[in-house]
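Now for the letters of each chain:
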Amino acid sequence: ISNQRSFIFVANLVDAIYLCMTHHRASGKTFVVGDNEVISTEALVNKLRLSMGKPVHLFFLPPKVAKVTLSFIGKKEIYESLWENLAVDSSFIKNELGWAPPNSVDQGIDHTLEWYLAQ
């Protein structure tokens, strides 16, 4: 699945919220935030599996086959949530307030998996 997806690690979101609460230029403005790296669903699965020390077992499913099949069984929203793009533009907060996510996507995945596996 070679789509483009934006993610935000919770620590990066907290950092952006804190900046908005304390920066004089943030008042009354709406900001969209996301991690710096936009990745595909496939890349996310690969990163998660590798971070967990698991082998990656993916197979190719043509998007048209997936869309027709899922639509036929009344699950088109699954196709949309997995195959379509969902990327955001964080340039406004970066330009207006000088914000940059303190953690990379890989760091966010690693920290999230550490937390998850400890549960």
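These notes cover the structure that comes with them. (Residues numbered from 1 in each chain as written. Predicted model: local features only at pLDDT ≥ 70, side-chain atom pairs only at ≥ 80, totals over all residues. Heavy atoms only, no water.)

Things to note about a nonpolar patch on the surface
There is a patch of nonpolar side chains on the surface, built from Ile8, Leu13, Ile17 and Met21 and spanning about 350 Å² of accessible area. One can find isoleucine 8 in the segment before helix H1 (10-22). Residue classification places isoleucine 8 among the partly exposed positions, given a relative accessible area of 32%. (Patch = residues over 30% accessible without salt bridge, like charges linked within 9 Å, V, L, I, M, F, W, Y side chains within 5 Å. Areas by Shrake-Rupley, 256 points an atom, 1.4 Å probe, with all protein chains shown as cover. Salt bridge = Lys/Arg side-chain N within 4 Å of Asp/Glu carboxyl O. Helix = DSSP H or I, 4+ residues; strand = E, 2+ residues; numbered from the N terminus. Buried < 20%, exposed > 50% of the residue type's maximum accessible area, 1.4 Å probe, protein only.)

A closer look at the side chain of lysine 47
The residue lysine 47 is located in helix H2 (residues 41-51) in this model. Among all residues touching lysine 47, those that are not within four sequence positions of it are Glu37, Ile39, Val105, Asp106 and Ile109. (Contact = heavy atoms within 4.5 Å.)

So, the packing of helix H3 (residues 63-72) against helix H4 (residues 76-83)
In the contact formed by H3 and H4, the axes pass within 7 Å of each other and the chain directions differ by 150 degrees. Between H3 and H4, the crossing angle belongs to the class labelled roughly antiparallel. In this structure, H3 contributes Pro63, Ala66, Lys67, Leu70 and Ser71 to the contact, and H4 contributes Lys76, Ile78, Tyr79 and Trp83. A per-class count over the contact of H3 with H4 returns 6 nonpolar, 1 polar and 2 charged. (Axes fitted to C-alpha atoms, helices over the stretch in contact; angles between N-to-C directions. Parallel < 35°, antiparallel > 145°, perpendicular 65-115°, else oblique. Nonpolar A, V, L, I, M, F, W, Y, C, P; charged D, E, K, R; others polar.)

Fair warning: the whole summary comes from geometry, so function is off the table for now.
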